[in-house]
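# Summary of the model geometry
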Amino acid sequence: MPIEQQDDPPFDLPPNTESGAGTPGQAAPAHAQGSISQRALAKRPMSSSAAPYLDALNPEQRAAVEALEGPVLVLAGAGTGKTRVLTTRIAHILETGRAYPSQILAVTFTNKAAREMKERVERFVGSSVEGMPWLGTFHSIGVKILRRHAELVGLKQGFTILDVDDQLRLMKQVIEAEGLDKDRWPARQLAAYIDRWKNRGLTPEKVPAGEAHAFAGGKGRELYAAYQRRLKELNAADFGDLLLESLRLFMENPDILAQYHNRFRYILVDEYQDTNVAQYLWLRLLAQGSEKPNICCVGDDDQSIYGWRGAEVDNILRFEQDFPGATVIRLERNYRSTAHILATASHLITANENRLGKTLFTDGAAGNKVTVTGLWDDVEEARTVTDNIEALSKQGHQLNEIAILVRASFQMRVLEDRFVTTGLPYRVIGGPRFYERAEIKDAIAYLEVTANPANDLKFERIINVPKRGLGDTSVKRVRELARASEIPLFAAAQSIIETEELSGKARRSLSDLVGQFERWRANAATMPHTELAKLILDESGYTQMWQADKSPQAQSRLENLKELVHFMDDFDTLQGFLEHVSLVMDIDNASDGDRVSIMTLHAAKGLEFDTVFLTGWEEGVFPSQRTLDESGQAGLEEERRLAYVGITRAKVSAHISFTQNRRNRGLYQSAIPSRFVDELPEAHVEVVEAKTPFGGAYQNFGGRFGGNPYGASRFDEAPAAFQSSYATPGWQRAQKQWQSDSTTPPRRRAAPRTIEGELVASSTSESSFEMGERVFHQKFGYGRISEIDGNKLTIDFEKSGRKRVVDSFVERH
DNA sequence: AGTGAAACTATTTTT
DNA sequence: TAGTTTCACT
């Protein structure tokens, strides 16, 4: 395959400053007159007053757009016009002739953000400007760079990109090849380690000795190295590699790096608070080209919510040290929310220690206070929310402007049930994504193997789907042959069917499959790719497999397949389509009709709605107990940022609710209100009484939450927490009382809900326990420690078997 | 190789 | 509770 030649001409042109275009208001460089974009630019009147886009900005935004020289950090609070600044800045760079579109590197995290930015820049500069080639996600830019220099990192130009399934399948093979028990050492866990290392920019040899022993009793690093070797053999890269390998490329090849230094005159980074170490290093390397790099990072430390994915808030907190002489601009004027909402969010977030500090303000109306409602259980909560939504709907509100934000997806079920019974239209955002569905992955695997016979992992995925009598043993034989003669699996299949190695049935079956692929490949040259896809799905028996399936989802799977073929129409070639799906895991959610949106807080980042319902503000749910256990104080702060993100999604009203009981995994658990509820500012919050389902308000306990209808009879002492005024420092006391209260109904006792000193400390440091030590656990009884991983212990309990627990839950014995 | 029943395990998830 | 995965059996 030829090296891609789609590259833009300006790459080799001399820097445009030489033609004197360094200041605003000058015409585009003359030498570029051949390029459409430059001709378009040249036609534009170039006086600086002819930059109406600047007049539309407030002073801070304008400063952020005009500070083009040197490093700039824009701290853009929620709803302060971040995207606008970013796009205007790009437009401004282009308009003033400081750089060609191809000389601007602009990175985002999501495809959605990249698409949006591209569209907005085009609208600014005029559609005649060719799209910016280096505007994209970290990953897509990583691929682009790697494809050009693949051989330098041990890959070939046409390398494939692994998805999560492929990755796991490969890791399983690596684990087994090392002679390890795949049950004792799950591939998922190894994948998690490797992912974390890659996020931190660590190649196998750089994994710290202490951590190298993290997996399989000291084989972590070896397995990581073996996995990387296998990737190279397969000519494949996983997601982490797209960044890590381009990072390595730059570090090992200063001449290549210099080319990019030369090229990128301006670097812009969106959502800087979400960058991980690898991305940070990558950016630093690219910015190193000059003493005062023109790098502009836009972000909001208060909206950093992907720490668990490797994001380092520290990157943004440290910006000024990293780039001395940086200009820091704060955008604090909020255009989205009313004053009460803004004040509530701002006040809540001040409880965080680790932040740069911003105070959002608005000139807009005070609006309504944020409401807080305490409810009996999740069912009542769902009913209350839908009742409210129905009322809003009757008043003429758009359902599209209403969202329900939850911490975790398990909270969605009750809500969905309620929407279904009431018949209110809703949509779940996030959810299982199109390209993650099994049938889509299978179909893509068929297409991929057709296009690329050397893609072993995809071939393995569908070799026996639909079932064609090629079981584990047969596949194993093929794989052994492939490994022994160092050829791709498909080639091994081709040769093995010439031998007597396989049983008659398997041999015939595999021979048929190989023949089919050969035929499809022959067709690929002549047939449109959508036709080919239909043919493949049909002839392989894949469509038929689902037609014969009597499960209720079979129908929708078939529809998904149709949609996939339809979607392929948007691409010119099969190759182009495959490259796209490997990077873009989602299909654009067409917003059809007027519906309420239900989504997680994470999915809500960047969106806005008139009315937002924030449900499930209970300790353990939100903040999530698991985050607290795993990340202690830092985790708590991240949860609080999540609350901040949630509240700031609302334009005109925000409604917070919590329940005393919530069903999770089949059983009810009692809950106490989230500490975040207590942290809300009295002056901007209104406590709303819950209505009973039987009509009328019920007796008020004198508490801020209006008590509850069942309290007197069913919770004689227990609801102490509910009775206290939540503003008092008594929550802790009340919570303790609640937990220790022996009259609490006989349901599962909630796990400790605080993050105490020792737990926080132990999450980062090594556990004080030792291997083989005998310990006692409240729930599981006595046992011996068989593995230690940070503060997590694997213990063989005498009665309950092997479990993984956090060390603070066990005591020495 | 393919079936059915027991067993296990559950956040958040930009790419 | 529900979904998946493993295991034992045919």
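Residues numbered from 1 in each chain as written. Chains lettered and ligands numbered in written order. Predicted model: local features only at pLDDT ≥ 70, side-chain atom pairs only at ≥ 80, totals over all residues. Heavy atoms only, no water.

What follows concerns the protein's contact with DNA strand B. Near DNA strand B there are 30 residues, and of these Arg407, Ser409, Arg433, Thr600 and Ser624 occur at the shortest range. Take the atoms of DNA strand B that sit within 4 Å of the protein: sugar and phosphate atoms are 47% of them. A distance of 3.4 Å is found between a base oxygen of DNA strand B and a side-chain nitrogen or oxygen belonging to Glu630. Within the residue set of the surface near DNA strand B, elements represented by two or more residues are helix H21 (472–485) and helix H29 (625–647). Residue classes in the surface near DNA strand B are distributed as 7 nonpolar, 14 polar and 9 charged. (Near = heavy atom within 4 Å. Polar contact = N/O pair within 3.5 Å; in protein donor to acceptor, adjacent residues only side chain to side chain. Helix = DSSP H or I, 4+ residues; strand = E, 2+ residues; numbered from the N terminus. Nonpolar A, V, L, I, M, F, W, Y, C, P; charged D, E, K, R; others polar.)

What follows deals with the UniProt feature "binding site: ATP" (unreviewed entry) in chain A. Under the feature "binding site: ATP" (unreviewed entry), the UniProt entry names Ala76, Gly77, Ala78, Gly79, Thr80, Gly81, Lys82 and Thr83. Tracing the chain through its elements places Gly77 in the loop between strand S1 (72–76) and helix H4 (82–95). If we ignore the near neighbours within four places in the chain, the residues touching Gly77 are Asp300, Gln303, Leu331, Lys358 and Leu360. With respect to the element layout, Ala78 can be found in the loop between S1 and H4. The class for Ala78 is buried, based on a relative accessible area of 2%. (UniProt positions renumbered as here; feature names shortened; annotations may be inferred. Contact = heavy atoms within 4.5 Å. Buried < 20%, exposed > 50% of the residue type's maximum accessible area, 1.4 Å probe, protein only.)

If you look at the biggest cluster of nonpolar residues, it comprises 73 residues, and the most contacted ones within it are Leu105, Phe159, Phe250, Ile267, Trp282 and Leu286. Three or more residues apiece are contributed to this core by two domains, here domain 1 (53–150 + 247–333) and domain 2 (160–234). Residues Val475, Ala493, Trp546 and Met568 belong to the second largest nonpolar core, which totals 47 residues. (Core = buried A, V, L, I, M, F, W, Y, C linked by side-chain atoms within 4.5 Å. Domains from an automatic or database assignment.)

Our next topic: the protein's contact with DNA strand C. Near DNA strand C, the surroundings consist of Arg413, Arg665 and Gly666. In DNA strand C, the atoms that sit within 4 Å of the protein are 38% sugar and phosphate, with bases accounting for the remainder.

On inspection of all chains with the given rule, the structure shows 5 cavities of 30 Å³ or more. Its volume calculated, the second largest cavity comes out at about 40 Å³. If you trace the second largest cavity, you find it lined by Asp378, Glu381, Ala382, Gln411, Val414, Leu415, Thr615 and Arg662. Among the secondary structure elements, those contributing two or more residues to the lining of the second largest cavity are helix H17 (378–394) and helix H18 (412–422). If one sorts the elements of the lining of the second largest cavity by residue count, H17 sits on top with 3 residues. (1 Å grid on protein atoms, 1.4 Å probe; cavity = no way out; pocket = protein on both sides within 12 Å on 5 of 7 lines; lining within 4 Å. Points joined across faces, edges and corners; volume = space filled by probe spheres on them.)

Turning next to the sheet that holds strand S7 (residues 295–299). Taking strand neighbours across the sheet as the criterion, the 6 strands line up as S3-S2-S6-S7-S1-S8 in an open arrangement whose pairing is parallel. Unpaired on one side and paired on the other, strand S3 (135–137) and strand S8 (327–331) mark the two borders of the sheet. On average, each strand axis in the sheet is tilted by 15° relative to the strand beside it, whichever way the strands run. Seen against the sheet, H4 touches S1, strand S2 (104–108), S3, strand S6 (266–269), S7 and S8 and runs at an angle of roughly 170° to S6. Against the sheet, helix H5 (residues 111–125) makes contact with S2 and S3, and its axis sits at roughly 170° relative to S3, the strand it touches most. (Pairing = 2+ DSSP bridges. Axes fitted to C-alpha atoms, helices over the stretch in contact; angles between N-to-C directions.)

Turning to the packing of helix H10 (residues 220–233) against helix H11 (residues 239–252), a few remarks are in order. The interhelical angle for the contact between H10 and H11, taken along N-to-C directions, is 90°, at an axis separation of 14 Å. Between H10 and H11, the angle is such that the two are roughly perpendicular. Contacts between H10 and H11 involve Tyr224, Gln228, Leu231 and Lys232 from the first element and Asp241, Leu244, Glu245 and Arg248 from the second. Of the residues in the contact of H10 with H11, the class split is 3 nonpolar, 1 polar and 4 charged. (Parallel < 35°, antiparallel > 145°, perpendicular 65-115°, else oblique.)

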